[in-house]
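Report on the structure
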Amino acid sequence: MKAFHTDKAPAAVGPYVQAIGTEQFVFTSGQLSLNPENGELITEISAAARQSLENVKAILEEAGSSMDKVVKCNVYLADINDFAAVNEVYKEFFTDHKPARSAVQVGALPLGGVVEIEAIATL
């Protein structure tokens, strides 16, 4: 296994890596809507979803993969009522290619986040 890190996504906020890969797959850790340039947490839901997905994209690219190679995404929402707004942003990142996905409301997200997204992709 190999760990991956890029400065184009926020550093891990705990004892884990941004992503880990095997010979065939890369697994990203959940990405909050943290701006990697200034550490700011974005909380407006559309902008937050976009930043979370940009973070996932940057990590996948560092690992030698891409959004077109994502096979599964998990989307964690602080409020399930934000589902439609997240979908609008999500479809900008997955146009022709549509991976499997789960989306659930959780009790709370780290740092007071409103959305966290993780992905599994092929290499």
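If you check an unreviewed UniProt entry, the chain appears there as RidA family protein from Anaerococcus nagyae. If you open the UniProt record of the chain and go to Sequence similarities (unreviewed entry), you find "Belongs to the RutC family."

**What about the packing of aromatic side chains?**
By the definition in use, this model includes 2 aromatic pairs. With a centroid separation of 6.3 Å and 50° between ring planes, the pair formed by F25 and F27 is classed as tilted. Each ring, one from Y90 and one from F94, has its centre 4.7 Å from the other, and the planes form 35°; the classification is tilted. By relative accessible area, F94 is classed as buried at 3%.

**Some details on the sheet that holds strand β6 (residues 115-122)**
Taken in spatial order, the 6 strands make up an open sheet running β1-β2-β3-β6-β4-β5, and their pairing is mixed. Pairing within the sheet leaves two strands with one partner each, and these edge strands are β1 (2-4) and β5 (100-105). Each strand axis lies, on average, 15° off the axis of its neighbour in the sheet, ignoring direction. Where strand β2 (residues 19-21) and strand β3 (residues 25-28) come together, 3 bridges link them in antiparallel fashion. Residue G21 lies in a different strand from β3, and its bridge partner there is V26. Helix α1 (residues 45-62) contacts β1, β2, β3, β4 (70-77) and β6 of the sheet and is inclined by roughly 30° relative to β6.

The rules behind each value
- Residues numbered from 1 in each chain as written.
- Predicted model: local features only at pLDDT ≥ 70, side-chain atom pairs only at ≥ 80, totals over all residues.
- Heavy atoms only, no water.
- UniProt positions renumbered as here; feature names shortened; annotations may be inferred.
- Phe/Tyr/Trp six-rings, centres within 6.5 Å; stacked < 30°, edge-to-face > 60°.
- Buried < 20%, exposed > 50% of the residue type's maximum accessible area, 1.4 Å probe, protein only.
- Pairing = 2+ DSSP bridges.
- Helix = DSSP H or I, 4+ residues; strand = E, 2+ residues; numbered from the N terminus.
- Axes fitted to C-alpha atoms, helices over the stretch in contact; angles between N-to-C directions.
- Contact = heavy atoms within 4.5 Å.

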